[in-house]
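# Structural features, examined
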Amino acid sequence: MRLGWKLHGDGTRITPGEVVAPDERLSWPRTVGIGLQHIVAMFGATFLVPVLTGFDPGTTLFFSALGTITFLLITGNRLPSYLGSSFAFIAPILAATASGGQSVAIGGILATGVLLAIIGAVVHFAGPRWIQAAMPPVVTGVIVALIGLNLAPAAWGTCDEGGACSGFRAAPLTAVVTLGSIILIQVLFRGLLGRLAILLGVAIGYAFAAVRGEVDFTKVEQAGWVGLPHFVAPSFDPAVLGLFLPVVLVLVAENVGHVKSVAAMTGRDYDRLTGRALLADGVATTLAGLGGGSGTTTYAENIGVMAASRVYSTAAYWVAAVGALVLSLSPKFGALIATVPAGVLGGATTMLYGMIGILGARIWVQARVDFSDPVNLTTAAVPLIIGIANFTWTAGDLEFGGIALGTAAALVIYHVMGAIGRWRGTAQA
């Protein structure tokens, strides 16, 4: 593995039609600037997950930085990527925390990371083609969609007996301001600002909430400027593992999609790195599960930065990882992030959870899934209802929720219907 980078041209300009390859870099001041852009791009999404799930933001940022460094090392410094918090973990973390506490949820993240690492090792030696056969676009699309739509009730929120509410219900006006800001920013601005709509919308909603007296800065004032993040050890409860393991399928799809996207934008073949990418994300998620961080995934937000800048240098990601690591060592910074009020989160998650659901539909559109085929139609229809309604099934001490059951239904329906259709000759060509 090489940690050195060739200077692209004179280090200051990118000629039309060219890109800065992963093994190249611009001058260090420009590389640092692009690395800081990557921090900004991942910031909003990476912090939303711990804020929504009650995890420590500083701890999540710490393991996000460590995970990115791990990813770069395992992929031989050849595949540019930032590993941020995966939204696919939100629903299982919330369910596991409610039933067994944060430590149990962290144990679920650890188990997910181990399984993903194993899959990565298998893909590295056996090749990635079997993933497409086991999880075609109709299956991966429905899994991503049902995870987002399963979270819809959490965006609206609940109220306890004392009248304290979460989500949109906590402060409807603040939530509307936040959501409206996100919507407007997307159509008012292009480029990086447009892609940071959720982050900027949350900032506007936060300022509005602060003016209304909805933000409590007590813990920020008490927190120190420098210190280690708060680590939490995992514990294991077999009853909640069924909530987390379906997330592996989403992480596989996200990582494979990331590899293909970078390959398309750079004109290089990265299929041979697919197994390493999966293994690296698995190891990064495992590390997060050992200390209390959110599970990680490769970030589309940072792909956007690369596409806009045409700089795919892994040097910029080293800058981003080191910068994130430094920020994670400030408890005051983490405490400030944790002050985001429920109304702001309610507005942001109304958009965010819907976007996750639509990403599933986007997979179908991009793959041109034919829903006139009864196999595809049924594979999508039944799991979506299972996920949205949050069907549950209890088997002894194990309880499986809508995401786990919907994922299992998608896999079983697709492969069983396909096999029967081929046997009977009724399957569409």
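### Topic: the overall build of the protein chain
Across its full length, the protein chain carries 20 helices and six strands. The globule rule puts the C-alpha radius of gyration for 429 residues at 22 Å, and the 21 Å found for the protein chain is close to it. When the backbone C-alpha atoms are referred to their principal axes, the protein chain occupies close to 65 × 60 × 45 Å. Within the protein chain, buried positions represent 53% of all 429 residues.

### Here's the deal with the packing of aromatic side chains
Summed over the entire model, instances satisfying the criterion amount to seven aromatic pairs. Among the aromatic residues, those joined into a ring-pair cluster are Phe62, Phe63 and Phe231. One residue, lysine 332, lies across the ring of tryptophan 225, its end atom 5.1 Å from the ring centre.

### Remarks on the nonpolar core
The biggest cluster of nonpolar side chains holds 98 residues, and the ones touching the most others in it are Leu79, Phe244, Val252 and Tyr353. The element that contributes the greatest number of residues to this core is helix H13 (residues 247-266), accounting for 10 residues. Beyond its immediate chain neighbours, meaning those up to four positions away, tyrosine 353 contacts Leu52, Ile90, Gly148, Leu151, Ala154 and Ala155. Grouped together as the second largest cluster of nonpolar side chains are six residues, Val20, Ile34, Val311 and Ala316 included.

### Description of the side chain of threonine 59
The residue threonine 59 is located in helix H2 (residues 57-74) in this model. A distance of 2.6 Å separates a polar atom in the side chain of threonine 59 from the backbone oxygen of histidine 230.

### As for unusual backbone geometry
The phi dihedral of asparagine 77 falls on the positive side, at around 60 degrees, and the residue is not glycine. Its location among the elements puts asparagine 77 in the loop between H2 and strand E3 (83-85). Its relative accessible area of 4% is what places asparagine 77 among the buried residues. If you check the backbone angles, arginine 368 has positive phi at about 55 degrees while not being a glycine. Mapped onto the fold, arginine 368 is located in the loop between helix H18 (342-367) and helix H19 (374-389). Residue class for arginine 368 comes out exposed when judged on its relative accessible area of 77%.

### Let's talk about the packing of helix H4 (residues 102-126) against helix H14 (residues 274-291)
Between H4 and H14, the least distance of the axes is 7 Å, while the angle of their chain directions is 160 degrees. With respect to H14, the element H4 is oriented roughly antiparallel. Relative to H14, H4 is oriented so that their crossing is left-handed. Of the residues that constitute the contact of H4 with H14, the class distribution is 13 nonpolar, nine polar and two charged.

### Concerning the environment of isoleucine 385
Positionally, isoleucine 385 belongs in helix H19. Along the chain, isoleucine 385 and asparagine 150 lie 235 residues apart, while their C-alpha atoms are 9.4 Å from each other. Excluding residues that lie within four positions of it along the chain, isoleucine 385 makes contacts with Asn390 and Phe391.

### Overview of the pattern of salt bridges
Taken as a whole and assessed by the stated rule, the structure comprises two salt bridges. Arginine 212 is paired through a salt bridge with glutamate 214; the nearest N and O atoms lie 2.9 Å apart. You can call arginine 212 partly exposed: its relative accessible area is 44%.

### Concerning H13
The terminal C-alpha atoms of H13, which comprises 20 residues, lie 29 Å apart, in line with the 28 Å expected from a rise of 1.5 Å per residue. Where H13 ends, the next residue or the one after it, glycine 267, has phi of about 75 degrees, a positive value.

### Some details on a nonpolar patch on the surface
A cluster of nonpolar residues, Val114, Leu115, Ile118, Val122, Trp130 and Leu245, forms a patch on the protein surface that exposes about 470 Å² of accessible area. In terms of residues, the nonpolar patch owes the most to one element, H4, which gives four residues.

### Comments concerning the environment of serine 181
Mapped onto the elements of the fold, serine 181 is located in helix H8 (residues 172-188). For serine 181, the side chain forms a polar contact with the main-chain oxygen of valine 177, separated by 2.7 Å.

### Considering the side chain of aspartate 281
Take aspartate 281: it is sitting in helix H14. Of the side chains bearing the opposite charge, arginine 276 lies closest to the buried aspartate 281, which forms no salt bridge; the N-O distance is 15 Å. Among the polar contacts made by the side chain of aspartate 281, one reaches the side chain of asparagine 255 at a distance of 2.8 Å. A polar contact is formed between the side chain of aspartate 281 and the side chain of threonine 296, at a distance of 2.8 Å. Residues in contact with aspartate 281, not counting those within four places in the same chain, are Phe71, Leu83, Leu116, Leu251, Asn255, Thr296, Thr297 and Thr298.

The rules behind these values
- Residues numbered from 1 in each chain as written.
- Predicted model: local features only at pLDDT ≥ 70, side-chain atom pairs only at ≥ 80, totals over all residues.
- Heavy atoms only, no water.
- Helix = DSSP H or I, 4+ residues; strand = E, 2+ residues; numbered from the N terminus.
- Rg over C-alpha atoms; globule rule 2.2 N^0.38 Å.
- Buried < 20%, exposed > 50% of the residue type's maximum accessible area, 1.4 Å probe, protein only.
- Phe/Tyr/Trp six-rings, centres within 6.5 Å; stacked < 30°, edge-to-face > 60°.
- Lys NZ or Arg CZ within 6 Å of the ring centre and 35° of its normal.
- Core = buried A, V, L, I, M, F, W, Y, C linked by side-chain atoms within 4.5 Å.
- Contact = heavy atoms within 4.5 Å.
- Polar contact = N/O pair within 3.5 Å; in protein donor to acceptor, adjacent residues only side chain to side chain.
- Axes fitted to C-alpha atoms, helices over the stretch in contact; angles between N-to-C directions.
- Parallel < 35°, antiparallel > 145°, perpendicular 65-115°, else oblique.
- Left-handed = near helix turned anticlockwise from the far one by under 90°.
- Nonpolar A, V, L, I, M, F, W, Y, C, P; charged D, E, K, R; others polar.
- Salt bridge = Lys/Arg side-chain N within 4 Å of Asp/Glu carboxyl O.
- Expected span 1.5 Å × (residues − 1).
- Patch = residues over 30% accessible without salt bridge, like charges linked within 9 Å, V, L, I, M, F, W, Y side chains within 5 Å.
- Areas by Shrake-Rupley, 256 points an atom, 1.4 Å probe, with all protein chains shown as cover.
- Lys, Arg positive; Asp, Glu negative; His and termini not counted.

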